[in-house]
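# Overview (structure and organization)
Residues per chain are reported as follows:
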Amino acid sequence: MTACPKEHDVVPLTGASRSRPWVSFWQRLRVLARIAGALLVLLLTAADEGISALLGWPPLLPTLRHLAAVIGGECRAAADRFGGDVVEADVIDTDEEVWR
């Protein structure tokens with residue numbers, strides 16, 4: 001059985017606590033853009049999987065992601081050569097120790 005709330009059990013809501021916090025137009029636009037981007041990636045991934053399954057090829061998107069990562073790494077390495085403090089070294093792995 002539930003009892004009726006008594007007057008001291010009820011907490012009145014003031015106008016300030018019922019209103020939502022103010023969100024700017026650009027914040028809403030940013031959220032909508034992220035949602036649209038996520039949906040686009042989802043649709044592209046599904047299309048890539050379906051087309052590659054029909055053609056019998058491996059999916060193309062993982063290959064493109066790997067290629068973008070390699071190109072990005074090369075661009076960062078090239079930028080560091082002209083002004084960074086990065087030292088390039090070849091790593092030789094032997095059974096005893098690692099030489100740098």
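Data block above holds the structure.
The structure presented is a predicted model; accordingly, all values stated were derived computationally and were not measured. (Residues numbered from 1 in each chain as written. Predicted model: local features only at pLDDT ≥ 70, side-chain atom pairs only at ≥ 80, totals over all residues. Heavy atoms only, no water.)

### Quick look at the overall build of the protein chain
Helices and strands together make up the secondary structure of the protein chain, namely 3 helices and 2 strands. Secondary structure elements of the protein chain occur, N-terminal to C-terminal, as α-α-α-β-β. Within the protein chain, buried positions represent 4% of all 100 residues. A total of about 9,900 Å² of accessible surface is found on the protein chain, and carbon and sulfur atoms cover 66% of it. (Helix = DSSP H or I, 4+ residues; strand = E, 2+ residues; numbered from the N terminus. Buried < 20%, exposed > 50% of the residue type's maximum accessible area, 1.4 Å probe, protein only. Areas by Shrake-Rupley, 256 points an atom, 1.4 Å probe, with all protein chains shown as cover.)

### Here we look at helix α2 (residues 25-55)
Across its 31 residues, α2 extends 44 Å between first and last C-alpha, which sits within 8% of the 45 Å expected from 1.5 Å per residue. Trailing α2 by a residue or two, Gly56 shows a phi angle of about 80 degrees, which is positive. (Expected span 1.5 Å × (residues − 1).)

### Considerations on the packing of aromatic side chains
Working definition: an aromatic ring pair is given by the centre-to-centre distance plus the angle between the planes. Following the criterion strictly, the structure yields 1 aromatic pair and no others. Note on Phe25 and Trp26: the rings are 5.1 Å apart at their centroids and 75 degrees apart in plane angle, and the pair reads as edge-to-face. Trp26 matches Phe25 in its accessibility class, with the two residues each being exposed. (Phe/Tyr/Trp six-rings, centres within 6.5 Å; stacked < 30°, edge-to-face > 60°.)

### Brief notes about the packing of α2 against helix α3 (residues 61-81)
Their axes nearest at 10 Å, the elements α2 and α3 cross at an angle of 120 degrees. Taken as axis vectors, α2 and α3 run oblique relative to one another. On α3, the residues that touch Leu44, Thr45 and Asp48 of α2 are Leu61, Pro62 and Arg65. By residue class, the composition of the contact of α2 with α3 is 3 nonpolar, 1 polar and 2 charged. (Axes fitted to C-alpha atoms, helices over the stretch in contact; angles between N-to-C directions. Parallel < 35°, antiparallel > 145°, perpendicular 65-115°, else oblique. Contact = heavy atoms within 4.5 Å. Nonpolar A, V, L, I, M, F, W, Y, C, P; charged D, E, K, R; others polar.)

### Re the side chain of Ser52
Its location among the elements puts Ser52 in helix α2. On the basis of relative accessible area, Ser52 is assigned to the buried category, the value being 5%. Here the side chain of Ser52 touches Glu49 through a polar contact of 3.1 Å, landing on its backbone oxygen. Sequence-distant contacts of Ser52, defined by excluding residues within four places in its chain, comprise Trp57, Pro58 and Pro59. (Polar contact = N/O pair within 3.5 Å; in protein donor to acceptor, adjacent residues only side chain to side chain.)

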